[in-house]
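What follows is each chain in one-letter form.
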Amino acid sequence: MLLGAIRKNSLSIYKIWKKGKKMKKKIMVVDDNRDIIDMVRDGLEHFSKGYEIIGAGSGKECFELLKKNQIPDLILLDIMMPEMSGWDVFARLKENPGWRSIPVVFITVKSDPYSKGFGKTTADDYIEKPFAIMDLKERIDKILNR
Amino acid sequence: MPELKNSEIIEYILRTLVDKIGRRTSESFAVVVIDTVMKELYPRYGFLRYIKVENTLYSEGMSSAVSVMPDIDSVEATEFYKAINDLIKMTVRHLERNADFFFIKELHEAIDDIDGLVLNDEKLDLGFMQFEYIAEKKQALDIKNSEITEQVIKALIYLTNRKFPEAEAIKTVDAAVKELEKNYGFLKNIQIYTTPDSKGIFEIRVLHDINRVWIFTMGETLQKLIEEVGKSVTWDADRSFIEVFKNELGEEHLATITKMGVNLDQIKLVVLQQGHEQVVKKTLETLVNIISKRTSKGFAMATVDTVLNTLREKHDILQYIKIDTSRFEEGIDAISIMPEINNVESYKLGKALREIIKISGRNLGHKTFAFIEEFKNQIGEKYLLEMEKMGVNLHFLELKFQ
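Procedures and definitions
- Residues numbered from 1 in each chain as written.
- Chains lettered and ligands numbered in written order.
- Predicted model: local features only at pLDDT ≥ 70, side-chain atom pairs only at ≥ 80, totals over all residues.
- Helix = DSSP H or I, 4+ residues; strand = E, 2+ residues; numbered from the N terminus.
- Buried ≥ 20, exposed ≤ 12 C-beta atoms within 10 Å, placed from the backbone.
- Contact = placed C-beta atoms within 7 Å.
- Nonpolar A, V, L, I, M, F, W, Y, C, P; charged D, E, K, R; others polar.
- Pairing = 2+ DSSP bridges.
- Axes fitted to C-alpha atoms, helices over the stretch in contact; angles between N-to-C directions.
- Core = buried A, V, L, I, M, F, W, Y, C linked by C-beta atoms within 7 Å.
- Parallel < 35°, antiparallel > 145°, perpendicular 65-115°, else oblique.
- Left-handed = near helix turned anticlockwise from the far one by under 90°.
- Right-handed = clockwise from strand over helix to strand, strands pointing away.
- Expected span 1.5 Å × (residues − 1).
- Arc of directions from axis to C-beta.
- pLDDT = per-residue confidence, 0-100.

> Sorry if this is basic, but what is going on with the overall build of chain B here?
Broken down by element type, chain B carries 17 helices and six strands. Taking all 402 residues of chain B together, the buried fraction comes to 34%. For chain B, the proportion of contacts with a sequence separation of at least 24, taken over those separated by at least 6, is 71%.

This is the structure:
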């Protein structure tokens, strides 16, 4: 009987664990600064186990991952990157019907009113660096829970 | 070979005429033309009453269109051929543009091909008639491209000046010439001189090299130029652009450009249908330029797409603006504006345009004012006036944001 109860409990725990794993939200961070990717990973995972962070060091790497079917629930996108800027990455994402609906949040040091204004109008959010990880989490959750 | 009777000769000639004209227009039109000419010739050649040309093509076919009574056979040859000469010449004149340089030649060849019909060259010389016709046409077409082009440009500037200040009018026409120069290189021979303080005084110089261009090519170019200028301005449907242009150009020059193949009625249709389309295109183009200067072309397009999508439910007319979302990187070329937008009421379009501008700049904070100022400067006075007529008051929008 005891063995049966343990077995039943284990099954429930496994189900909850599996459900939790399934519900993990994939966040792709596209930034040429690897420290930012690590910081976001550490920060978000510290607050919650509900995120899975995918890092991409450039626009090119971002598209390679997407082509390999690594489709995230949200993309955090830096603007000032060499080769392909965040603006161009954004446009290319929106050109593709398979990626168009992925929410994009700009994370950038660009604080001029034009970048911020047009960024806010077009993307899902615009966050200036440096940012507090708690604030980032709240804004991500807000978009994901829409 | 026995000589053909008058009745046979005239029947052959008339049938050939009907055939040749019919190929250029329609057979029923051919019968109407010949019948009209015959009636005009009755007072001079009474015997032509023996001929009947009827428009019975639909019911009985070609063969019954021409019937000749044998009474005509007794007419004296000189008088008979004189009538045929006049008949052909007048028919060609009636045909106007439908008779080209080759009409008489073709007629001549077709008549030569008729078995047994040997025309008396001394009395009816179609070869000479062809020569006369070409000489007459050439004289009529003795047009100097440089002179007529100068007149057309002047008329276009005066015409545009009725809507915009002189400097803007000159700029509009000059821009249209430059745009066409991409396809018609010889337009580089046109120079419009003006200085910033000229207060509307301008000088047009058309270099003589342009006279080497075939007049019909020049005609085609002038047609496009008038069209281009017309399209860059919104003209009220009730106050025809073409009527004003005709007045500015004057009858003599008007006749010349008509000879060169310029079809003003066609331009009228094109121009009146393009007003709204142009304003929308220019508005979106200006927004894309301003946004892409700070971001990228593709992102600017994505922004305009987002703005339009935000407003689509509220403004039905935006269904006539399509953006190919797979071609953001191509910029403004990815936007297509359907001609149906020209039929929309101006105030409705104005409302939509105002909101497009407002939403595009809504997150710019203290820079919104500067954004609208930049928009005004870039789009230019001409389009601002057009937008104002649609009820778009950008000054008011600026005040609201201030």
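> Is there a simple way to think about the overall build of chain A in this case?
When helices and strands are counted, chain A shows six helices and five strands. In chain A, which comprises 146 residues, the share counted as buried stands at 32%. A fraction of 59% describes how many contacts in chain A between residues 6 or more apart in sequence connect residues 24 or more apart.

> So what exactly am I meant to see when it comes to the interface of chain A and chain B here?
Size of an interface: often given as the accessible area lost when the parts come together. Contacts between chain A and chain B engage 16 residues on the former and 22 residues on the latter. Counting residues per element, the side of chain A that touches chain B draws most heavily on helix α5 (residues 113–122) of chain A, at eight residues. Within the side of chain A that touches chain B, the residues separate by chemical class into six nonpolar, five polar and five charged.

> In this structure, what is going on with the sheet that holds strand β3 (residues 74–77) of chain A? I would like to understand it.
Sheets are built from strands that pair by backbone hydrogen bonding, the pairs being arranged parallel or antiparallel. Residues and elements named next belong to chain A. The strand order across the open sheet formed by five strands is β2-β1-β3-β4-β5, and the pairing between neighbours is parallel. Looking at which strands have only one partner, the edges of the open sheet turn out to be β2 (51–56) and β5 (125–128). Between one strand axis and the next, the sheet turns by 20° as a mean value, whatever way the strands run. Here three bridges tie β3 to strand β4 (residues 104–108), and the two strands are oriented parallel to one another. In the sheet register, Leu-77 faces β4, and the bridge partner there is Phe-106. Set on the sheet, helix α4 (residues 86–95) makes contact with β1 (25–30), β3 and β4; between it and β4 the angle comes to about 175°.

> Any chance you could explain the nonpolar core here in plain terms?
Soluble globular proteins: nonpolar side chains tend toward being buried together. Core analysis: the largest hydrophobic core is formed by 66 residues, its most contacted members being Val30(A), Leu76(A), Leu77(A) and Phe90(A). Formed by 32 residues, the second largest nonpolar core is a distinct cluster that contains Ile13(B), Ala83(B), Leu95(B) and Leu107(B).

> It is not clear to me how the environment of Gln223(B) should be interpreted in this structure. Could you clarify?
All names here are of chain B. Here Gln-223 is to be found in helix α9 (residues 215–231). Put simply, Gln-223 and Leu-264 are 41 residues apart on the chain and 7.6 Å apart in space, counted from C-alpha to C-alpha. The residues contacting Gln-223, other than those within four sequence positions of it, are Val-262, Asn-263 and Ile-267.

> Is there a simple way to explain the packing of helix α7 (residues 145–161) of chain B against helix α10 (residues 241–249) of chain B in this structure?
Think of two packed helices as two axes; the pair is described by the angle between the axes and how far apart they sit. All names here are of chain B. Close contact between α7 and α10 brings their axes to 9 Å; oriented N to C, the two are set at 125°. On the basis of their axis angle, the class for α7 and α10 is oblique. Note on packing geometry: the crossing formed by α7 with α10 is right-handed. Each of Gln-151, Val-152, Ala-155, Tyr-158 and Leu-159 in α7 lies in contact with α10, whose residues at this interface are Val-244, Phe-245, Glu-248 and Leu-249. Split into classes, the residues belonging to the contact of α7 with α10 amount to seven nonpolar, one polar and one charged.

> What's the story with the pairing of β2(A) in this structure? I'm lost.
Across a regular strand the side chains alternate sides, sitting on one face of the sheet and then on the other. Residue and element names in this part refer to chain A. Bridge analysis of β1 against β2 gives six bridges, and the strand direction is parallel. Paired with Met-28 across the bridge in β2 is Ile-54. Note that the unit made of β1, helix α2 (residues 34–47) and β2 has a crossover that is right-handed.

> Would you mind showing me how to read the packing of helix α13 (residues 275–294) of chain B against helix α16 (residues 368–389) of chain B here?
All names here are of chain B. Where α13 contacts α16, the axes come no closer than 10 Å and their chain directions differ by 165°. In terms of orientation, α13 and α16 fall into the roughly antiparallel class. Note on packing geometry: the crossing formed by α13 with α16 is right-handed. Contacts from Val-279, Lys-282, Thr-283, Thr-286, Asn-289 and Ile-290 in α13 reach Phe-371, Glu-374, Phe-375, Gln-378, Ile-379, Tyr-383, Glu-386 and Met-387 in α16.

> Quick question: what am I supposed to make of helix α4 (residues 77–95) of chain B here?
In an α-helix, one full turn covers 3.6 residues, which means residues spaced three or four apart are oriented alike. Residue and element names in this part refer to chain B. The first and last C-alpha atoms of α4 sit 27 Å apart over 19 residues, in line with the 27 Å expected at 1.5 Å per residue. Residues of α4 that are buried include every one of Phe-80, Ala-83, Ile-84, Leu-87, Ile-88, Thr-91, Val-92 and Leu-95, and no others. Take α4 and look down its axis: the buried residues cluster within an arc of 165°, on one side only. Pointing more than 90 degrees away from the buried face of α4 are the exposed residues Thr-78, Glu-79 and Arg-93.

> Could you clarify how one ought to interpret α2(A) in this entry?
Its 14 residues give α2(A) an end-to-end C-alpha distance of 20 Å, which sits within 8% of 20 Å, the value for a rise of 1.5 Å per residue. Here the buried face of α2(A) lies against β1, β2, β3 and α6 (133–144) of chain A.

> Help me understand the confidence of the model for chain B in this model?
Segments scoring low in pLDDT should not have their predicted coordinates read at a detailed level. Residue and element names in this part refer to chain B. For chain B, per-residue confidence averages 83 on the pLDDT scale, and 86% of positions sit at 70 or higher. Mean pLDDT across the elements of chain B bottoms out in helix α3 (residues 57–60) (48) and peaks in helix α14 (residues 297–311) (96). Per-residue pLDDT stays below 50 along residues 59–63; that stretch engages in one contact with residues further than four places along the chain or on separate chains. As a predicted assembly, this complex carries a pTM of 0.54 together with an ipTM value of 0.85.

> Sorry if this is basic, but what is going on with the confidence of the model for chain A here?
Chain-level pLDDT for chain A is 88 on average; 85% of the residues reach the 70-or-more range. Looking at the elements of chain A, mean pLDDT is at its lowest for helix α1 (residues 2–22) of chain A, recorded as 55, and at its highest for β3(A), recorded as 98.

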